[in-house]
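Each chain, written out:
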Amino acid sequence: MFYTTFESPVGTLLLGGDANGLRLVSFESSKDAAPQQADWIEDKAPFAEVIRQLQAYFRGELKEFDLPLALEGTKFQLRVWNTLRTIPYGETISYLQLAERIGNPKAVRAVGLANGSNPIPIIIPCHRVIGSDGSLTGFGGGLSTKKMLLELESKQLSLL
């Protein structure tokens, strides 16, 4: 696996991937930050397009990422993560609405857990899921980062 870091407006992001695609975006400041593994190879070149798209996103110029992703998870997690990708830029849904979209309205907690274990935040927009009462709830990058991302998308502001 290759990796690099990217200095973003929401902090340092660790990017990881291989020939199959992007596997990881991790907030280095998070208590749940993914640790670099001894067999990973540092190389920025494989992430040129990821970084270009992230920069465009933070400038408010990109609304939908188009990157090869190499997701690994349970069938349920993959269903949740793929459904997250259908939430339009600038919109939010609740965990209940997400559970309903995957056809299992009673799975709100399981949806929350799958959302929280999303290995590619920002690109797979788990930040667009909020509490049923409109409150901001858990996010691996922290609630202040979630708020910044939602404000960027709702106001068309640039973070760069």
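Each value, and the rule that gives it
- Residues numbered from 1 in each chain as written.
- Predicted model: local features only at pLDDT ≥ 70, side-chain atom pairs only at ≥ 80, totals over all residues.
- Heavy atoms only, no water.
- Buried < 20%, exposed > 50% of the residue type's maximum accessible area, 1.4 Å probe, protein only.
- Helix = DSSP H or I, 4+ residues; strand = E, 2+ residues; numbered from the N terminus.
- Contact = heavy atoms within 4.5 Å.
- Salt bridge = Lys/Arg side-chain N within 4 Å of Asp/Glu carboxyl O.
- Pairing = 2+ DSSP bridges.
- Core = buried A, V, L, I, M, F, W, Y, C linked by side-chain atoms within 4.5 Å.

A. A look at helix 1 (residues 48–58). Residues of helix 1 that are buried: Val-50, Ile-51, Gln-53, Leu-54, Ala-56, Tyr-57 and Phe-58. Check the buried side of helix 1 and you find it contacts strand 1 (2–8), strand 2 (11–18), strand 3 (21–27) and helix 5 (143–155). Within two residues after helix 1, Gly-60 carries a phi angle of roughly 80 degrees, on the positive side.

B. Spotlight on the pattern of salt bridges. What the rule picks out here adds up to six salt bridges. Between Arg-52 and Glu-49 there is a salt bridge, with its nearest N and O atoms 2.7 Å apart. Linking Arg-52 with Glu-49, this pair stays in helix 1, spanning three residues, or about one helical turn. Using a relative accessible area of 36% as the deciding quantity, one classes Glu-49 as partly exposed. Taking the shortest distance from any N to any O, the salt bridge between Lys-147 and Glu-151 comes out at 3.9 Å. Of this pair, Lys-147 and Glu-151 both sit in helix 5, separated by four residues, roughly a single helical turn. Residue Lys-147 is classed as partly exposed on the basis of its relative accessible area of 45%. Take Glu-151: its relative accessible area is 31%, and that puts it in the partly exposed class. Three or more residues joined by partner-sharing salt bridges are found here, namely Asp-18, Arg-23 and Glu-72.

C. Structural detail: the pairing of strand 3. Burial analysis of strand 3 places seven of its seven residues in the buried class, the great majority of the element. Note: strand 2 against strand 3, six bridges, orientation antiparallel. When the bridges of strand 3 are listed, Leu-13 appears paired with Phe-27. Hairpin connection, strand 2 to strand 3: the antiparallel pair is bridged by two residues.

D. View of the side chain of Thr-145. As for its position among the elements, Thr-145 is in helix 5. When neighbours within four sequence positions are excluded, Thr-145 is seen to be in contact with Val-10, Phe-27 and Phe-139.

E. Expanded view of the nonpolar core. In terms of nonpolar packing, the biggest core is built from 40 residues, with Leu-15, Leu-54, Tyr-57, Phe-58, Leu-84, Ile-122 and Ile-123 touching the most fellow members. Elements with a minimum of two residues in this core: strand 2, strand 3, helix 1, helix 2 (75–84), helix 3 (95–101), helix 4 (108–116) and helix 5. The element that contributes the greatest number of residues to this core is helix 1, accounting for six residues. Leaving out residues up to four positions away in the same chain, Ile-123 has contacts with Leu-22, Val-25, Val-50, Leu-54, Phe-65, Leu-67 and Leu-69.

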